[in-house]
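Below are the chains, spelled out letter by letter.
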Amino acid sequence: YFEERGLRCILAGRVIQLLTLAFTLGLAVCLADALNWEGLVNECKDEHSCAAVQLLRHDALSAPSPFLKLFVGVFALYWLWMLLHFFWDLRPLLEMRAFYRDKLRIVDADLQVVAWDLVVQRVVELQATSRLCIVKDQLTAHDIANRILRKENFMVAFVNRGLLPLELPMLPSLNMLTKTLEWNVYFCILEAMFDSEFRIRQSFTQDVTGLRRRLVLTGVLNLLLSPFIAAFMLIFFFLKHAEEFHRRPASSAFSRDYSSRARWMMREFNELPHIFEARMLASTPDANTYVEQFPAPLLTLVARFVTFIVGSLVGVLILLSLLNERVLIFYLHGFNLFWWLSMASVLLAVSRTFSAQPNVSMHPEALLQSVARHTHYMPATWRQRGHTRQVYEEFARLYQYRVLLLLQEILGCVITPLLLCFVLPRRAPDILAFVRAFTVHVEGVGHVCSLALFDFERHGDVRYGAPVNGVGGQRSCEGKMEKSYVNFKLHHPSWRQAHAGDALLDKISGGSSVHAHLARSRHAADHQAQHQAHGQPHAQQGQPQALPNAGTASPASHQSMCNTQHHAQHHAQHLSPHSGGVSCCGGHAVIDVGSVAVMGSSLGATQLMLLSSSQLLAPECTADSHLGSLIGASLSARPNRHGVISELQAERLNAEMYARMDDYYLGDMHRGDGEETHADAHADAHADAHAEAQDGAHRGREAHAGTEVMVRGA
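Residues numbered from 1 in each chain as written. Predicted model: local features only at pLDDT ≥ 70, side-chain atom pairs only at ≥ 80, totals over all residues. Heavy atoms only, no water.

1. Topic: the overall build of the chain
Line of reasoning, step 1. When helices and strands are tallied, the chain shows 28 helices and 8 strands.
Line of reasoning, step 2. The proportion of buried residues among the 714 residues of the chain is 50%.
Line of reasoning, step 3. Counting only contacts in the chain whose residues sit at least 6 apart along the sequence, the fraction spanning at least 24 positions is 75%.
Line of reasoning, step 4. Of the roughly 33800 Å² that the chain leaves accessible, carbon and sulfur atoms contribute 62%. (Helix = DSSP H or I, 4+ residues; strand = E, 2+ residues; numbered from the N terminus. Buried < 20%, exposed > 50% of the residue type's maximum accessible area, 1.4 Å probe, protein only. Contact = heavy atoms within 4.5 Å. Areas by Shrake-Rupley, 256 points an atom, 1.4 Å probe, with all protein chains shown as cover.)

2. A word on the nonpolar core
Line of reasoning, step 1. Grouped together as the largest cluster of nonpolar side chains are 65 residues, with contacts concentrated most on F158, I189, M193, Y290 and F395.
Line of reasoning, step 2. When residues in this core are grouped by element, the largest group, 10 residues, is from helix α18 (residues 402-437).
Line of reasoning, step 3. Beyond its immediate chain neighbours, meaning those up to four positions away, I189 contacts F158, F204, L211 and I431.
Line of reasoning, step 4. Counting residues in hydrophobic clusters, the runner-up holds 41 residues, among them C133, A145, I275 and Y464. (Core = buried A, V, L, I, M, F, W, Y, C linked by side-chain atoms within 4.5 Å.)

3. Things to note about the confidence of the model for the chain
Line of reasoning, step 1. Across the chain, pLDDT averages 74, with 69% of residues at or above 70.
Line of reasoning, step 2. Here helix α25 (residues 627-637) stands out as the least confident element of the chain, with mean pLDDT 33; helix α8 (residues 150-160) is the most confident, with 95. (pLDDT = per-residue confidence, 0-100.)

4. Structural notes on the packing of aromatic side chains
Line of reasoning, step 1. Enumeration over the complete set of coordinates arrives at 28 aromatic pairs.
Line of reasoning, step 2. Ring geometry for F454 versus F488: centroids 6.1 Å apart, planes at 50 degrees, classification tilted. Here the residue F454 occupies a position in the loop between β8 (446-449) and α19 (456-459), and F488 occupies one in helix α20 (residues 480-491), the gap between them amounting to 34 residues. Per residue, the accessibility class of F454 equals that of F488, and both read buried.
Line of reasoning, step 3. Here F456 and Y485 contribute two aromatic rings whose centre-to-centre distance is 5.5 Å and whose plane-to-plane angle is 80 degrees, an arrangement assigned as edge-to-face. One end of the pair, F456, is in helix α19; the other, Y485, is in helix α20, with 29 residues separating them in the sequence.
Line of reasoning, step 4. A residue is classified by how much of its surface remains accessible, and F456, at 3% relative accessible area, is buried.
Line of reasoning, step 5. What makes Y485 buried here is its relative accessible area of 0%.
Line of reasoning, step 6. Every member of this aromatic cluster is reached through a ring pair, and the members are Y258, Y290, F294, Y377, W382, Y392, F395 and Y399.
Line of reasoning, step 7. One cation-aromatic arrangement involves R256 over Y401; the distance from NZ or CZ to the ring centre is 4.2 Å.
Line of reasoning, step 8. Seen from the ring of F276, R267 lies directly overhead, with NZ or CZ sitting 5.7 Å from the centre. (Phe/Tyr/Trp six-rings, centres within 6.5 Å; stacked < 30°, edge-to-face > 60°. Lys NZ or Arg CZ within 6 Å of the ring centre and 35° of its normal.)

5. Points about the packing of helix α1 (residues 7-34) against helix α5 (residues 90-103)
In a packed pair of helices, the relevant descriptors are the angle between the two axes and the axis-to-axis distance.
Line of reasoning, step 1. Their axes nearest at 10 Å, the elements α1 and α5 cross at an angle of 160 degrees. If you check the angle between α1 and α5, you find them roughly antiparallel. Listed contacts from α5 to L7, I10, L11 and R14 of α1 are L90, L93, L94 and R97.
Line of reasoning, step 2. Here the residues of the contact of α1 with α5 are counted per class, giving 6 nonpolar, no polar and 2 charged. (Axes fitted to C-alpha atoms, helices over the stretch in contact; angles between N-to-C directions. Parallel < 35°, antiparallel > 145°, perpendicular 65-115°, else oblique. Nonpolar A, V, L, I, M, F, W, Y, C, P; charged D, E, K, R; others polar.)

6. Comments concerning α20
Line of reasoning, step 1. Here α20 contains 12 residues, and its C-alpha end-to-end distance of 17 Å stays within 8% of the 16 Å for a straight helix at 1.5 Å per residue.
Line of reasoning, step 2. In terms of residue burial, α20 counts as a mostly covered element, since 12 of its 12 residues are buried. (Expected span 1.5 Å × (residues − 1).)

7. Things to note about helix α17 (residues 389-398)
Line of reasoning, step 1. Three or more residues of α17 are buried, namely V391, Y392, F395, A396 and L398. For α17, the angular spread of the buried residues around the axis is 150 degrees, confining them to a single face. (Arc of directions from axis to C-beta.)

8. Structural notes on the pairing of strand β7 (residues 439-442)
Line of reasoning, step 1. One ladder, built from 4 bridges, connects β7 with β8; its direction is antiparallel. Across the sheet, residue V440 finds its bridge partner in β8, namely V448.
Line of reasoning, step 2. Following β7, the chain reverses through 3 residues before pairing antiparallel with β8; G444 in that reversal takes a positive phi of roughly 85 degrees. (Pairing = 2+ DSSP bridges.)

9. A short note on the side chain of T218
Line of reasoning, step 1. Structurally, the position occupied by T218 is in helix α11 (residues 208-247).
Line of reasoning, step 2. For T218, a relative accessible area of 8% corresponds to the buried category.
Line of reasoning, step 3. Within the structure, T218 has its side chain in polar contact with the backbone oxygen of R214 (distance 2.7 Å).
Line of reasoning, step 4. Sequence-distant contacts of T218, defined by excluding residues within four places in its chain, comprise N184, F187, C188 and L420. (Polar contact = N/O pair within 3.5 Å; in protein donor to acceptor, adjacent residues only side chain to side chain.)

10. Brief notes about the pattern of salt bridges
Line of reasoning, step 1. In total, this model carries 13 salt bridges according to the counting rule given.
Line of reasoning, step 2. Note that E191 is salt-bridged to K151, the shortest N-O span being 2.9 Å. Of this pair, E191 sits in the loop between α9 (179-190) and α10 (202-206) while K151 is found in helix α8, placing the two residues 40 residues apart along the sequence.
Line of reasoning, step 3. The exposure class assigned to K151 is partly exposed, which follows from its relative accessible area of 24%.
Line of reasoning, step 4. For K179, the salt bridge identified is with E182, shortest N-O distance 3.8 Å. (Salt bridge = Lys/Arg side-chain N within 4 Å of Asp/Glu carboxyl O.)

Structural data, given as structure tokens:
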């Protein structure tokens, strides 16, 4: 309800969805069986003959093909199901509006600007008086996030532990996690394993044969529906993007975005969608600049030649049209010059995309590190190798052209049934073993993924700042849990966790300017708790929120299941937190946060994220300024509405804390007397590899490439 901004926006969105689907279905039928293609293509030769051609066939829809009948039938049923779902959801939507308005005292108009943490605080306060959850005395932001993201947390864990995505043995290089596959994983696994009380069905976790049967049957159903789904997606994508691709091919079809697979790899535990999208958006400027550092010389030369030739011809046509506009009616090889001018303009835009050079030659290492500060993804094999073509190609597979992403989604309609029938059933024992081992029941919340509980004693990894080392083989890969904790703590200032989390923040922040912010945040939380204990009211809404700790983390761990190498980076040198494109005053400058406070906006998040990466300099910014101290000064100098400074500051501290955790991780490799010596690291690596080998011994029967990676990791 918060993400879609209230009842009116939700209802309008659902109605528009229904109208869009109905229009797409009707237009598809018209194009397939009513439009007079023969007359338009073959009989229309000139102005006189085109005037005699009828637009629609006289026998339209009199004898539709069997495929068209099935196509219309399938999607008509889907449209009716969506319509029924629309009316079915009306009552809970009205109840939710009443809950926001009457209980939380937040009207729909305020949802455009209010921060999510304020909603969480109001729910927590309401629990103290109205007992929303009967079996639990006190709700926390962590409890609420675990209930909202219960299934998403398992999905993040599946990807992090290597259970997803999947690849076909005959096409090992085609490793995709399309929306079609994602929906089927939700239906076959995540939806099926919970009962109505949010508890894991014990019969589900023990029934490997049942899960395999469900996957195969779903794969067969997908195979039967794949022609219709692929045809509909092709038509829908064409209608949605054709005009944009024609008008701005360089900035639409050949712009880049993160694939679905990359998004699940980079998402954190308990990270709400609007926060995650803001984080991805913040990384795109440096990601675009990074990929521009690797032009293809031969392609660039050819593109420049094509640009010159086509641009010259377009210039001549424009000049002729200025002298005599009727000349554009002249036909050349069956097409008039209007058509040739249009095609030449598209070709010119595409060729300019590939012939463009980066404006400024920048250091690829700094750019890649800058991207990682927002994506929180930096495999060990990328470190100090951002300038190599191999790392660029691996990054480009995650950050792809939009047109390729659309084609992958269409191709996914064909590949998904094969994955469901032949590949995913072999992962069924591993998936169920993971669910059994990593599921914990929380009173008042239900069964949740244990990695999302931030249990450092069980899953902690000291290399990423955790106070203790967890059980071998049960840690998250590449410090995912530690990164998720810092990210969650940062975006939920009102949440107070146990001492173990504070110890992690203290270790990675050290004596930096961020450390002072962390201390102030904890002091403010303790002060607020004392006020609550004495029954005193909270601070007024107009006062600034105490901003907690900072962002998330970095690199790859030594665990064999993560397919990384622990000791590959003994001599890696980490860039300064203020280097490259993410410096305080060097690439992206800090804006004057006080000017943003008047917006009163929250992480409705795109606007603030765009501002946070803008080039507006704060007046007091100097070359050696610390990001935390600058934002801290703005925070203390000006009052603001709920969450405004907190959210902008959150992303800034998020990037800095990522660098701090990265420094800590790299420093741990060089320490001989720290929390974990090299001998301990070797022993822990062997323990993790042995545990993983026992849990997944039968994986050796899978593709040879996957086996090679496991052995190399061990």
